Amino acid sequence: MTIATNPNKIESQPSIELLESIQDRVLWLAMQMVHHANNIRENSDGTKIGGHQASSASIVTLMTSLYFDFMDNQDRISIKPHGSPVFHAIQYLLGNLDASYLTELRAYHGLQAYPSRTKDPDSVDFSTGSVGLGPVAPNFASIVRSYNNSHNHGENLKGRYISIVGDAELDEGSVWEAIAEPAMQDASDILWVVDLNRQSLDRVIPGIRVGAWKDMFVANGWHVVEAKYGALLEHAFRLPDGEMLREAIDSMSNQVYQRLLRVNSEELRAWLPAYTAYPEEMKKFISDWNDEELSRLFHNLGGHDFSTLRKAFQETDKTDGPSVVFAYTMKGYRLPSVGDPQNHSVTMSDSQMEELRKKLNIESSNIWGGFGSESVESQFLRSTSEKLSRLDVVTPPPKEDIPRDFGRKYSGNMSTQQIFGLILTDMSRSLGDLSRRIVTVSPDVASSTNLGGWINRVSIWKPNETETLPEEGIVRALKWEESKSGQHIELGISENNLFMMLGQLGLSNEMNGEMLFPIGTLYDPFIKRGLDAFVYSVYAGAKFIVVGTPSGLTLAPEGGAHQSMMTASIGVEMPQLDAYEPCFGQELEWIMLSALHQIRKRGQSTYLRLTSKRIDQNLLQVPSDTSQIESLRLQVLRGAYCLRDRTAGSFSSVNGNGLTIVSVGAMIPEACEASDILFEEGVLANVINVTGPGPLYRHYRDLVKESIEKGYGLSEGLATLLPGHIGGAPILTLADAHPHSLSWIGGALGSKTVSLGVDDWGQSGSREDLYREYGIDVETIVKAGLSALEL
């Protein structure tokens, strides 16, 4: 990927006065966008719009300083969720957002409530919205860039990864999981700017926690910079007796300081002496400032002072490691609600907006405009826009054909987890340049999720030089060798970090112009622990494969804490994700190769729910005819096929003794055995193998939408989607997961349905004991089938 450089780059720094003028216009536009959305634009149903004026005002100086005094065109930035109006205002002034969008904040097909890579019209680098995830995404993006550079994927890119972080976001555990991630030690060019306005959604945050936060960053190798006081306060502190003022402000609680932001100068003069041991001297000291000057002085925090921020940001460029700037700000800066503990969702009235317009010198005839075309501000904006413009040249994805299969034959008793490792090895051997762009990642579970064979072939990625260790003299099944060219990234035990890493690897094509094919593995029950980051990454448009293994009650002796039952439902319900739960090796091979194709065409991400249960591969008789093999492959990818047909293809009810068993994954052998027993009882029980509950439901929904739009029935489409179902006959669904993950199928077919699955916490025991306890054993399946037929 080539990033254009600007030959006309202006090296001189903009004046503070120029930056303040730009800031005022950014602040006005951001406030006006929210005001228009809430008070002027038609709101037919009366639903609250919102927009977070106070939170946006808090970062207006930070954002202006970064965009117009610090960043260049290779930098990438994550904006705190509630700061989106400021981001869009800046993009408008830079010429990157059409003026028509300014009136469409939080409107249909307009500007999203929170920055979105996939839905906003201007160039958002990182989606934000779920607090604590947006800030850490750039950290993992930095690792991805280092990975690409060390593998010679594209050019050696530079640039900073910047996050604007709300101070309340530091309460999120996901932040500290990412900060403590061992792989993060190798990340560089990372800058966090903490918007330290000391307020959360409902209140002023009690206590002064920045000291503890600083220690935690330092302990993890970060360079910490404070932007606490502005130039006016720093000058006052240097005056005789000025240290009294510093001590007074430093000793105040957050609640007191926030309250004093809202008092008049007379009250401020009365309160300040109370916070020093020398009240008379303080009274005399502050008498040198008139009321307006004293108010301005007290409000002069570093996060709203361009000279302070310039020094702070420049200091971060002097270190190779990650840096964090604690920028002290005011929530509601320059607004009537400044410092109010409940100003989070307050929006200004018409009269307050008019007062702000006059304060910021905005002409009433130009409330949506920029500056005059010949003004110094306009010239500066044009030059800044050129400096920040990006020319992205995307490296074409690997052109190698992705085969439909590897020609491997699966026989004997094998688990899908075991077969997953074999397929990865085949991928490393057989896919040419594409195989060199496959990267695996796991949270310290590589060996127990069957990545060992893959790692032995491709080694562990380590960007820095590795130590030479003495020979051990032991031949190990897993060779833990590290190199710059390794294709496996091993993380610490954090599922949040796994999904954030997968997400940024899966966006390498969009962010770096270099396509990667990421495959992540984790224990299936712990998908829930990383679910927020999982959703974040898919929502942001990342394309990857995630393997949850082992899964379900089938992991019998491990007990309820490790037996997943809800993950199947998660896979079905998540948009832009195809969730598969194959039973046989041939199915898994087809699915994984198709998943690579989906990544290359920027289609769906893929979730594979695998198990350690060994299953007789001969239960699946793969046809010998080429066209029949292809038909079966497509059915597997669509989500279901008929594995056991007792009715010779008849879709009509068979004299009231027909039953369709719809099963998935590890439960297929039990479904087949139950079908055999029922056949002996005179019941014709077809078995439909649901290989992909996710794509099956997605195709069903597409079918429903099409039938509604075009006004025709569903029966013909359902026959294709669920081949082998017996029309009018009862449906019995069976899953090693919560039963509702498949129960919708009965409703789709309009049939009486009995759903078997696991709807309580698991426990330790043998597989046989647990299947019987939770009602998914063969005997229960047979009884349920007979009950459905009322026999």
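Residues numbered from 1 in each chain as written. Predicted model: local features only at pLDDT ≥ 70, side-chain atom pairs only at ≥ 80, totals over all residues. Heavy atoms only, no water.

S.K.: Outline helix H17 (residues 416-430), supporting the account with residue identities and numerical values.
M.R.: Taking 1.5 Å of rise per residue, 15 residues should cover 21 Å, and H17 covers 20 Å from first to last C-alpha, within 8% of that figure. Of the residues making up H17, those classed as buried are Thr416, Gln417, Ile419, Phe420, Gly421, Ile423, Leu424, Thr425, Asp426, Met427 and Ser428. Backbone geometry just downstream of H17 places glycine 432 in the positive-phi region, at approximately 55°. (Helix = DSSP H or I, 4+ residues; strand = E, 2+ residues; numbered from the N terminus. Expected span 1.5 Å × (residues − 1). Buried < 20%, exposed > 50% of the residue type's maximum accessible area, 1.4 Å probe, protein only.)

S.K.: I'd like a description of the sheet that holds strand E3 (residues 190-196), backed by residues and values.
M.R.: Strand order in the open sheet formed by five strands is E1-E2-E3-E5-E4, with parallel pairing between adjacent strands. Two strands in the sheet have a free side with no partner beyond their single neighbour: strand E1 (76-78) and strand E4 (223-227). Within the sheet, the average angular offset between the axes of one strand and its neighbour, ignoring direction, is 15°. The pairing of E1 with strand E2 (residues 161-166) spans three bridges and is classified as parallel. In the sheet register, arginine 76 faces E2, and the bridge partner there is tyrosine 161. (Pairing = 2+ DSSP bridges. Axes fitted to C-alpha atoms, helices over the stretch in contact; angles between N-to-C directions.)

S.K.: Break down the nonpolar core for me, citing the residues and quoting the values.
M.R.: Counting 146 residues, the largest nonpolar core has Tyr67, Leu170, Trp192, Phe217 and Leu245 as its most contacted members. The greatest single-element share of this core, amounting to twelve residues, is contributed by helix H1 (residues 16-40). Not counting the four nearest positions on each side in its chain, leucine 245 is found in contact with Leu233, Ala236, Phe237, Leu272, Met282, Phe285 and Leu297. With 71 residues, the next largest nonpolar core counts Leu431, Leu620, Ala685 and Ala788 among its residues. (Core = buried A, V, L, I, M, F, W, Y, C linked by side-chain atoms within 4.5 Å. Contact = heavy atoms within 4.5 Å.)

S.K.: Before we move on, can you summarise the pairing of strand E12 (residues 545-548) with the specific residues and values?
M.R.: By the alternation rule, side chains of E12 split into Ile545 and Val547 and Val546 and Gly548, which are all buried. Direction of pairing for strand E11 (residues 517-522) relative to E12: parallel, over a ladder of four bridges. Note on E12: the bridge partner recorded for isoleucine 519 is isoleucine 545. Crossover connection from E11 via helix H22 (residues 531-539) to parallel E12: handedness right-handed. Relative to strand E14 (residues 605-609), E12 runs parallel, the two sharing four bridges. Bridge pairing links valine 547 to leucine 608 in E14. (Right-handed = clockwise from strand over helix to strand, strands pointing away.)

S.K.: So what about helix H16 (residues 376-388)? Which residues, and what values?
M.R.: When the terminal C-alpha atoms of H16 are compared, their 18 Å separation across 13 residues agrees well with the 18 Å that a helix rising 1.5 Å per residue should span. Considered for burial, the residues of H16 that qualify are Glu377, Ser378, Phe380, Leu381, Ser383, Thr384, Ser385, Lys387 and Leu388.

S.K.: Quick rundown of the pairing of strand E19 (residues 731-734)? Include the residues and the values.
M.R.: Going residue by residue along E19, you find Ile731 and Thr733 tucked away on one face and Leu732 and Leu734 tucked away on the opposite face as well. Examined bridge by bridge, strand E17 (residues 658-664) and E19 share four bridges and lie parallel to one another. The residue of E19 that forms the bridge with threonine 660 is isoleucine 731. Looking at chain direction, E19 and strand E20 (residues 753-756) are connected through four bridges and run parallel. Counterpart to leucine 734 in the pairing with E20 is leucine 756. Handedness of the crossover is the feature at issue here: the chain leaves E19, passes through helix H29 (residues 740-749), returns alongside E20, and the resulting connection is right-handed.

S.K.: Mind laying out the pattern of salt bridges, listing which residues take part and the relevant values?
M.R.: All chains considered together, the criterion is met by 33 salt bridges. Among the ionic pairs, aspartate 676 bridges to arginine 644, the shortest N-O distance being 2.6 Å. Pair noted here: aspartate 676 is in helix H26 (residues 668-680) and arginine 644 is in strand E16 (residues 640-644), with a separation of 32 residues, a long-range link. Aspartate 676 sits in the partly exposed class, given a relative accessible area of 32%. Where salt bridges share partners, they join Asp433, Arg436, Arg437 and Glu514 into one cluster. (Salt bridge = Lys/Arg side-chain N within 4 Å of Asp/Glu carboxyl O.)

S.K.: I'd love a proper account of the side chain of aspartate 69, names of residues and values included.
M.R.: Relative to the elements of secondary structure, aspartate 69 occurs in helix H3 (residues 60-69). The exposure class of aspartate 69 is buried, given its relative accessible area of 15%. Within the structure, aspartate 69 has its side chain in polar contact with the side chain of arginine 310 (distance 2.7 Å). When sequence neighbours within four positions are dropped, the list of residues in contact with aspartate 69 reads Gln13, Pro14, Leu19, Thr64 and Arg310. (Polar contact = N/O pair within 3.5 Å; in protein donor to acceptor, adjacent residues only side chain to side chain.)

S.K.: An account of unusual backbone geometry is requested, with residue identities and associated values reported.
M.R.: Cis geometry marks the peptide bond from threonine 549 to proline 550, where omega comes out at -10°. Phi is positive for arginine 106, close to 60°, though the residue is something other than glycine. Looking at the element boundaries, arginine 106 is found in the loop between helix H4 (84-93) and helix H5 (137-150). A positive phi angle, close to 65°, is found at asparagine 450, a residue other than glycine. Position of asparagine 450 relative to the elements: it lies in the loop between strand E7 (438-442) and helix H19 (452-458). The class of asparagine 450 is partly exposed, set by a relative accessible area of 25%.

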